[in-house]
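Spelled out, the chains give:
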Amino acid sequence: MSERVFGVTPPISSALPTDEEKRANDALFKELRAQGTFESPVETQKRETVLKSLEKITDEFVKRAAMEKEPKNTFLIRGAHGRVFTYGSYRLGVFGPGSDMDTLVVAPKYVTVTQYFDIFPDLLVEMAPPGAITDLHSVPDAFVPIIKFEYSGISIDLIFCSIQTLRQLPDEKDWNLQDNNLLRGLTENEVRSLNGTRVTDEILNLVPEPATFKLAIRAIKLWAQRKAVYANVLGYPGGVAWAMMVARVCQLYPKATSALIVNKFFNIMLKWPWPLPVLLKDIEYGSSVTRVAVWNPKIYPSDRNHKMPIITPSYPSMCATHNVGRSSMTAIQQELEVGAKVTDEIMVGRRPWKDLFTKHSFFATGFKFYLTVISSSRNKEAQTKWSSFVESRVRMLVAKLDLHPSIALARPFNKGFDRVHRCKGDAEIEETQGGSLAHHTKPEVLAAEEKAKADMAKAEADAKPQSGDEVRMEVKNEDGAPPVKTENTNDTAGAASEAAKGENGDTNAKLEDIPEHNSDAEVEIYTTNHYIGLQLVEKARSLDLSREVNDFKAMCISNDIYKNELMCLTIQHLRNYELPNDVFEPGEVKPPRPVKKKRLAEEEPGKPAKRQQTATAAG
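Given the structure is predicted, the values throughout are model-derived calculations rather than measurements.

Reading the values: the criteria
Residues numbered from 1 in each chain as written. Predicted model: local features only at pLDDT ≥ 70, side-chain atom pairs only at ≥ 80, totals over all residues. Heavy atoms only, no water. Helix = DSSP H or I, 4+ residues; strand = E, 2+ residues; numbered from the N terminus. Buried < 20%, exposed > 50% of the residue type's maximum accessible area, 1.4 Å probe, protein only. Contact = heavy atoms within 4.5 Å. Areas by Shrake-Rupley, 256 points an atom, 1.4 Å probe, with all protein chains shown as cover. Salt bridge = Lys/Arg side-chain N within 4 Å of Asp/Glu carboxyl O. Axes fitted to C-alpha atoms, helices over the stretch in contact; angles between N-to-C directions. Parallel < 35°, antiparallel > 145°, perpendicular 65-115°, else oblique. Left-handed = near helix turned anticlockwise from the far one by under 90°. Nonpolar A, V, L, I, M, F, W, Y, C, P; charged D, E, K, R; others polar. UniProt positions renumbered as here; feature names shortened; annotations may be inferred. Polar contact = N/O pair within 3.5 Å; in protein donor to acceptor, adjacent residues only side chain to side chain. Lys, Arg positive; Asp, Glu negative; His and termini not counted. Pairing = 2+ DSSP bridges.

1. Here we look at the overall build of the protein chain
- In terms of helices and strands, the protein chain carries 18 helices and 11 strands.
- Counting the 619 residues in the protein chain, one finds 50% classified as buried.
- Counting contacts in the protein chain only where the partners sit at least 6 residues apart, residues at least 24 apart contribute 74% of the total.
- When the accessible surface of the protein chain is split by element, carbon and sulfur atoms take 50% of a total near 30800 Å².

This is the structure:
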């Protein structure tokens, strides 16, 4: 019987591991253990308990939906049940401490997404242990509608899909979603919901040795997070895309150890002839089960524009990296080049594996200039929605910056920085909205206060979550600091704000959402900062980004999610020495403010001017 060939091409090598490669693999496993990438058995058991609870809640949800739909149909109600599937890192088996759990609720055809958002959130709180559900919020308007919450400290992202071909779901325990016919009658966002699980299962089915793949992807995932090139929403590959790249290398070296796969990953992906797509199997065309388009650059111009296409294996195949732009791809290639050099030396025993997992230097030595996008509000719930929306649009600002003739690289950091500020009076609020940290409340203070509140609530046996502070905000213009010019930004914001008003001049904010003005009252302001490092082209002396900034702000505040009285958006230019202290990792040194030549002359009047210039240049 011939051996199965994985992938769209024959393997590069099917050689068995050498003793040296086995030793490198043992060392990699030990290092990943030391780096804390594996979860304890107790925590894993906790996840399994949560999943079982979600399955019971899902069954009850479907029964209630059936009763609401056909209250007299006892046969339908008696047989009503749903299924819970996972996807992403948990389903791949590569989750670690603190990992989110990506979860999918599957229901019969008669259950609607409206019922999902009307019934399921309340049912979660009702059926889970008292106080187990926290930070619960629904996002029904997202492209893939989602409910987010924490269950016993585990972060859950829960999406939904009803199968239009099934009035009752099968009872078989091993029933799965791999049948393409399950996609019939689904919209594009419903297909995407279902395909999270389908893609994950297909990846595991397409690698020669799943255990080898899992250890290798743990290493690559840790490396990508440490180097700040892991975040689909901000223009980098997400977990599934990195997994597919590693899976392709596994196909090319089916007998290799995880250590060798990691080394080959860097060398192969560094030299990959983009935009040639990464494929785990041939793309399936011609199926008629759904009208959702299959990735095809020969037909669709948008697909031809993908710079780093990594294609999902499940029908309908899609590009998992359509968000990757010019600058983020450059940043990825820079990190791949370093990783290739480091792992080459690791494999011959010259360096330890820990050298691969050193953290980025994005803020310490990465750039001289930065843009920071600051979203803010006076209400935690409003800020969750607003900051998530703004984050999803940051890559569009980066795309505009990529086109600027004076910018060589515009690299976004892969996560935002959430802060809470306590302000008194309009002046302090405006300072905070503009980027000031003068009123920032340190996380340890907030944590202590939250613990005190929780203890008090427990003592009073009051598990009901408290509503957040009500909010009122205005959009402020930038500080105009050179070299970024943003003089007209406020005019754009004002115009958009006026356009958002109704016939009576009312904004979208509700009257009860706006607190009474009290200049002496202390209010909490929630902010989220996203940073973009800017590298200018050689000989660039100034940089006018007013058009890019104004267009970005107008795009954000013209969306229905924006409420003029609740939210604010500011874009500010910073030099590296003006960055706030909390963006630096422990042990990093914040760049010092350059010493001006005139100041040196005043402090050291006895030294000649030429030596002063040399000292300044060296500093």
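2. A closer look at the pattern of salt bridges
- All chains considered together, the criterion is met by 17 salt bridges.
- Its salt-bridge partner being arginine 167, residue glutamate 70 comes within 2.6 Å of it at the nearest N-O pair. Placement of the pair is glutamate 70 in the loop between helix H2 (41-69) and helix H3 (74-78) and arginine 167 in the loop between strand E5 (154-162) and helix H6 (188-205), with a sequence separation of 97 residues.
- Using a relative accessible area of 26% as the deciding quantity, one classes glutamate 70 as partly exposed.
- A salt bridge links lysine 385 to glutamate 381; the nearest nitrogen and oxygen atoms lie 4.0 Å apart. Of the two residues, lysine 385 and glutamate 381 both sit in helix H12 (residues 380-402), 4 residues apart, roughly one turn of that helix.

3. Brief notes about the packing of H2 against helix H5 (residues 113-127)
- With their axes 10 Å apart at the nearest point, H2 and H5 run at an angle of 135° to one another. The pairing of H2 with H5 is recorded here as oblique in orientation. Crossing hand, H2 versus H5: right-handed. Taken together, the residues of H5 that come into contact with H2 (itself represented by Leu54, Lys56, Ile57, Thr58, Glu60, Phe61, Arg64, Ala65, Glu68 and Lys69) are Gln115, Tyr116, Ile119, Phe120, Leu123, Leu124, Glu126 and Met127.
- Its residues placed into classes, the contact of H2 with H5 shows 10 nonpolar, 2 polar and 6 charged.

4. Some words on the UniProt feature "binding site: ATP" (unreviewed entry) in the protein chain
- UniProt records the feature "binding site: ATP" (unreviewed entry) for Asp100, Met101, Asp102, Asp157, Lys221, Tyr230, Gly239 and Val240 in the present numbering.
- Relative to the assigned elements, aspartate 100 resides in the loop between helix H4 (89-92) and strand E2 (101-107).
- Apart from the residues lying within four places of it in its own chain, the contact partners of aspartate 100 are Arg47, Ser89, Ser155 and Asp157.
- Here serine 155 takes part through its side chain, which lies 3.3 Å from a polar atom of the side chain of aspartate 100.
- With respect to the element layout, valine 240 can be found in helix H8 (residues 239-252).
- Residue classification places valine 240 among the partly exposed positions, given a relative accessible area of 30%.
- Apart from residues no more than four positions distant in its own chain, valine 240 is found in contact with Val199 and Ile203.

5. Quick look at the side chain of arginine 226
- Of note, arginine 226 is situated in helix H7 (residues 210-226).
- In this structure, arginine 226 is buried with no salt-bridge partner, the nearest side chain bearing the opposite charge being glutamate 31 at 6.8 Å.
- Filtering out sequence-adjacent residues up to four positions away, arginine 226 remains in contact with Gln35, Phe357, Thr358, Lys359 and His360.

6. Here's the deal with the pairing of strand E1 (residues 83-87)
- Extensive coverage of E1 is indicated by the burial of 5 of its 5 residues.
- The alternating pattern of E1 places Arg83, Phe85 and Tyr87 on one face and Val84 and Thr86 on the opposite face, and all of these are buried.
- Strand direction decides the pairing type here: E1 and E2, joined by 5 bridges, are antiparallel. When the sheet's bridge partners are listed, arginine 83 is paired in E2 with valine 106.

7. Concerning the environment of asparagine 181
- With respect to the secondary-structure elements, asparagine 181 resides in the loop between E5 and H6.
- Taking the C-alpha atoms as reference, asparagine 181 lies 6.1 Å from valine 289; in sequence the two are 108 residues apart.
- Excluding residues that lie within four positions of it along the chain, asparagine 181 makes contacts with Thr165 and Val289.
- A distance of 3.0 Å separates polar atoms of two side chains, one belonging to asparagine 181 and the other to arginine 184.

8. Thoughts on the sheet that holds strand E4 (residues 146-151)
- The mixed open sheet is built from 5 strands, whose spatial order is E1-E2-E5-E4-E3. At either margin of the open sheet sits one strand with a lone partner, and together these are E1 and strand E3 (133-139). Geometrically, the sheet is characterised by an average inter-axis angle of 25° between neighbouring strands, direction not taken into account.
- Here H5 sits on the sheet in contact with E2, E3, E4 and E5, set at roughly 170° to E3.

9. Describing unusual backbone geometry
- With an omega of 10°, the peptide bond between tryptophan 274 and proline 275 qualifies as cis.
- Turning to its location among the elements, proline 275 is positioned in the loop between helix H9 (258-270) and helix H10 (301-304).
- With a phi close to 55°, serine 152 is a non-glycine residue in the positive phi region.
- Backbone geometry at alanine 228 places phi at a positive 60°, although glycine is not the residue there.
- Inspection of the secondary structure assignment puts alanine 228 in the loop between H7 and H8.

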